[in-house]
Amino acid sequence: MNGPIGVFDSGYGGLTVLKSIQKLMPQHDCLYLGDNARAPYGTRSFEVINQYTLEAVEYLFSKNCPLIILACNTSSAKALRNIQQNILPSKYPDKRVLGVIRPTTEEVGHFSKSGYVGIMGTAGTVVSNSYPIEISKFFPKINVIQQSCPMWVPLVENNSFKEVGGQYYIRKYINELLEKEPRIDTVVLACTHYPVLKNSIEKYLPKGVRLFDQGDLVAQKLVDYLKRHSSLNNQLSKNGNVEILTTEKSKKFDGHLNLFYNSNNQSRTVQIV
Ligand code: DGL
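The rules we used
Residues numbered from 1 in each chain as written. Predicted model: local features only at pLDDT ≥ 70, side-chain atom pairs only at ≥ 80, totals over all residues. Heavy atoms only, no water. Phe/Tyr/Trp six-rings, centres within 6.5 Å; stacked < 30°, edge-to-face > 60°. Helix = DSSP H or I, 4+ residues; strand = E, 2+ residues; numbered from the N terminus. Buried < 20%, exposed > 50% of the residue type's maximum accessible area, 1.4 Å probe, protein only. Lys NZ or Arg CZ within 6 Å of the ring centre and 35° of its normal. Near = heavy atom within 4 Å. Polar contact = N/O pair within 3.5 Å; in protein donor to acceptor, adjacent residues only side chain to side chain. Areas by Shrake-Rupley, 256 points an atom, 1.4 Å probe, with all protein chains shown as cover. Salt bridge = Lys/Arg side-chain N within 4 Å of Asp/Glu carboxyl O. Pairing = 2+ DSSP bridges. Axes fitted to C-alpha atoms, helices over the stretch in contact; angles between N-to-C directions. Contact = heavy atoms within 4.5 Å.

A.B. asks: Before we move on, can you summarise the packing of aromatic side chains with the specific residues and values?
C.D. replies: Evaluated as defined, the whole model comprises 10 aromatic pairs. Ring centres of F61 and Y92 lie 4.6 Å apart, and the angle between their planes is 45 degrees; on these two criteria the pair is classed as tilted. Here F61 is found in helix α2 (residues 46–62), whereas its partner Y92 is found in the loop between α4 (80–91) and β4 (96–98), with 31 residues between them in sequence. By relative accessible area, Y92 is classed as buried at 18%. Taken together, W152, Y168, Y169, Y173 and Y194 form an aromatic cluster joined through their ring pairs. A cation over a ring is seen here: R38 above Y52, with NZ or CZ 3.7 Å from the ring centre.

A.B. asks: Got a sec to walk through the site of the ligand? Specific residues and values, please.
C.D. replies: Around the ligand sit 13 residues, and of these S10, Y41, G42, T74 and T192 come closest. Within the backbone of Y41, an N or O atom sits 2.7 Å from an oxygen atom of the ligand. Note that an oxygen atom of the ligand is positioned 2.7 Å from one of the backbone N or O atoms of G42. For the ligand, whose free accessible area comes to 300 Å², the fraction covered by protein is 99%.

A.B. asks: Any chance you could break down the pattern of salt bridges for me, citing the residues and the numbers?
C.D. replies: Applying the stated rule across the entire model yields 13 salt bridges. Residue R38 pairs with D35 through a salt bridge whose shortest N-O separation is 2.8 Å. Under the relative-accessibility criterion, R38 is labelled buried at 15%. For D35, a relative accessible area of 1% corresponds to the buried category. Here K198 and D213 are joined by a salt bridge, their closest N and O atoms 2.9 Å apart. Residue K198 is located in helix α10 (residues 198–204), and its partner D213 is located in strand β8 (residues 210–213); the two are separated by 15 residues in the primary sequence. Here D213 falls in the partly exposed class, since its relative accessible area comes to 25%. Through salt bridges with shared partners, a single ionic network connects R102, E106, E107 and K221.

A.B. asks: Lay out unusual backbone geometry in plain terms, naming residues and giving numbers.
C.D. replies: The omega torsion of the bond from A39 to P40 falls at 0 degrees, within 30 degrees of zero and hence cis. Tracing the backbone shows P40 in the loop between β2 (30–34) and α2. With a phi close to 80 degrees, N64 is a non-glycine residue in the positive phi region. Note on placement: N64 falls in the loop between α2 and β3 (67–70). Positive phi, close to 60 degrees, is recorded for N129, a residue that is not glycine. Take N129: it is sitting in the loop between α6 (123–128) and α7 (130–138).

A.B. asks: Now, about the sheet that holds strand β6 (residues 143–148): what can you tell me, with residues and values included?
C.D. replies: With respect to topology, four strands assemble into an open sheet ordered β6-β5-β7-β8, the strand pairing being parallel. The strands lining the two open edges of the sheet, one partner per strand, are β6 and β8. Put simply, the sheet's adjacent strands are angled 25 degrees from each other on average, direction ignored. Sheet topology places strand β5 (residues 116–121) next to strand β7 (residues 186–189); four bridges connect them, and they run parallel. In the sheet register, I119 faces β7, and the bridge partner there is V188. Here α7 sits on the sheet in contact with β5 and β6, set at roughly 160 degrees to β6.

Right, here's the structure in full:
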């Protein structure tokens, strides 16, 4: 039986990726899962992120998703490789799980003229060094400067980024990044929550610095991937349906839904463990 594309994030952030997937692939059914009850992931240990991500992936497999996108940089950085190398081959040989880091790092070097790229992400993503490692494979001459932004996910999850305190933290991390290397001309929002802050971030970035968010790029790479993997594409259902699941109370989730994803969809609460 065919099934939807699973899209997973620790919370709301992956909705920015879901929106782009729907824009490019409106017929493909999608099943979104936000683990809001356990978000944020970014400050958690490697072991915990691995366990939480695997639980979410197995839940989406149990709902018949042949393919899952980890629309979360923290999970992509810390859990994807383990799932791809140690779990799928033995337990789910016909299923696929993809992340958001590879599609980004394959392209980002094309955009920088100065050769200095800034990565803004969660502490977990930054500590994993996934971005510098992956970018160096595709663009060995690019210099990567990282900045962790531990307050940004809570500001988004609590919708408090427009307040004075929220704006203070947005400016603070941008300044810290640029103090490390003023020649940065390309900044990657390496956390799927951050596009919500884009207007504010743009306000504080010097003119001429290009801001790069992942949603459309990840969706475009997914389209290309499915063209190359037509048998997987044939297993995906295509009725234009989107269902949104959260591990939090759905009422709370729906209160924030518009911020990320303007639609009338309503979420449903699920228990994944
Ligand atoms: N959206 C996740 C990411 O891309 C957020 C992380 C979190 O829960 O801290 O990294």
